[in-house]
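Structural features, examined
If you want the building blocks of each chain, they are given just below.
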Amino acid sequence: MRGLTTPLQPKHSYPAAQNNPKKSESCNLYSHPVQFNGKNNDPLSRKVKPISCFASENPNRPILKETKPPLVVVGSANADIYVEIDRLPKEGETISAKTGQTLAGGKGANQAVCGGKLAYPTYFVGQVGEDAHGKLITDALLSGGVYLDHLTTVSNAPTGHAVVMLQSDGQNSIIIVGGANMSCWPEKLSDEDLEVVRSAGIVLLQREIPDFVNIQVAKAARTADVPVILDAGGMDSPIPLELLRCVDIFSPNETELARITKMPTGSFEQISKAVEKCYELGVNQVLLKLGANGSALFTKGEEPLRQPIIKAAKVIDTTGAGDTFTAAFAVGLVEGKSKEECLRFAAAAATLCVQVKGAIPSMPEKRAVFNLLQSA
Ligand SMILES: Nc1ncnc2c1ncn2[C@@H]1O[C@H](COP(=O)(O)OP(=O)(O)O)[C@@H](O)[C@H]1O
Ligand SMILES: [Mg+2]
């Protein structure tokens, strides 16, 4: 498998990121996203710092002075607005919530923070609006140690957000505003954004931004021989084959695998058959997240590797466990760990995650993962 059979060893030094989010020119909220012409290419109005690139045997791979090829996460950033209510309001009715809280989230931001907290140089490529939610997310990414040079602020869309109504009977109702995650992307990504993708040690994608953005990123990564992991979480529309063909590792949970393949995934045997269908769609490796049943890495032509969970003292909240698992696996891979070690590292990070409430607040520091692995 390209780029994944040999450890990804850092060869060059990478310049310190300036960590300045960029600002985009306005976009039309009501057009189809593909027609948006969001980013401003006027260098004076952009705060982005040009990034030099990696030297590599691959002529398409840019030249860099750097110690570690970064993890680059391209995806969504969201404000999750939680309200705790006894019941949903009736039409025309106003009710009071028992309490409310707004937390930074979105699969892209979650995975980027996980990379940062695991002390691996991590860039986030994404979009927020010019609003308080954008600031909330920016602060969360910064405190996770994520480089924000490729985070763009768009002026004509709100930051993506979700209203999560937690009812006392345990039912949840959610309303999502795609906002800057789904609109205002330029038809063609900027050279700077594609350059950081090409300079990456590994690229992580999910399905909470438009497919055409993911396709451009995955294709750019492939031309530079950079491995791509696609987390299946997000939109449940069919995944374009054009995207899957540029993905090195496809990572669904059991429900997503069932939905994508239209096959049952209740037993390991059924899962193995569904994975065969993924191979037919063009991916050669499938990293499956199986909740309390652990995880498994399937590679075409090889026996699957299985990883049971590392038992949690107490399961408090599994939100973000999947994002933690995928991001930690990616960090393991880019650090040159074997596939078995990556699975174990990811299981350790994820079991620490389920023991703390929230997604981003529950993502573990590298030291905590190491300590757990040593004691487990
Ligand atoms: N109850 C649990 N105890 C320990 N680890 C868990 C538990 N639930 C999930 N995990 C870990 O988190 C990983 C991802 O969780 P999972 O539920 O499969 O992902 P998703 O959130 O995408 O559905 C699992 O593969 C496992 O390693
Ligand atoms: Mg699950």
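As shown above, the structure is provided for reference.
An account of the accompanying structure is given in this report. (Residues numbered from 1 in each chain as written. Chains lettered and ligands numbered in written order. Predicted model: local features only at pLDDT ≥ 70, side-chain atom pairs only at ≥ 80, totals over all residues. Heavy atoms only, no water.)

Moving on, we come to the sheet that holds strand 10 (residues 228-234). Strand pairs in the sheet, formed through backbone hydrogen bonds, run parallel or antiparallel to each other. Strand order in the open sheet made by the ten strands is 1-6-5-2-9-10-11-12-13-14, with mixed pairing throughout. Strands at the two margins of the open sheet, each flanked by one partner only, are strand 1 (22-23) and strand 14 (305-307). Strand direction decides the pairing type here: strand 1 and strand 6 (residues 151-154), joined by two bridges, are parallel. The residue bridging Lys23 from the neighbouring strand is Thr153, located in strand 6. Its contacts with the sheet put helix 1 (residues 107-117) on strand 2 (71-74), strand 5 (122-129), strand 9 (202-207) and strand 10, and the angle it makes with strand 5 is roughly 150°. The sheet contacts of helix 8 (residues 268-281) involve strand 11 (249-251), strand 12 (285-289), strand 13 (295-299) and strand 14, and relative to strand 13 the element is tilted by about 40°. (Pairing = 2+ DSSP bridges. Helix = DSSP H or I, 4+ residues; strand = E, 2+ residues; numbered from the N terminus. Contact = heavy atoms within 4.5 Å. Axes fitted to C-alpha atoms, helices over the stretch in contact; angles between N-to-C directions.)

Its location among the elements puts Ser24 in the loop between strand 1 and strand 2. The sequence separation of Ser24 and Thr153 amounts to 129 residues, and the corresponding C-alpha distance is 5.7 Å.

With that out of the way, let us pick up the packing of aromatic side chains. A full pass over the atoms with the stated rule returns three aromatic pairs. Here Tyr123 and Tyr147 contribute two aromatic rings whose centre-to-centre distance is 4.9 Å and whose plane-to-plane angle is 50°, an arrangement assigned as tilted. Residue Tyr123 is found in strand 5, and its partner Tyr147 is found in the loop between helix 2 (132-143) and strand 6; the two are separated by 24 residues along the sequence. Residue Tyr123 is classed as buried on the basis of its relative accessible area of 1%. Here Tyr147 falls in the partly exposed class, since its relative accessible area comes to 26%. When the centroid spacing of 6.2 Å and the interplanar angle of 50° are considered together, the rings of Phe345 and Phe370 count as tilted. (Phe/Tyr/Trp six-rings, centres within 6.5 Å; stacked < 30°, edge-to-face > 60°. Buried < 20%, exposed > 50% of the residue type's maximum accessible area, 1.4 Å probe, protein only.)

Bringing the pairing of strand 7 (residues 161-167) into the picture now. Here strand 7 lies mainly inside the structure; five of its seven residues are buried. Two elements, strand 7 and strand 8 (residues 172-177), share six bridges in a ladder whose sense is antiparallel. Following the sheet pairing, Ala162 is matched in strand 8 by Ile176. Counted along the chain from strand 7 to the antiparallel partner strand 8, the turn is four residues long, and its residue Gly170 has a positive phi close to 95°.

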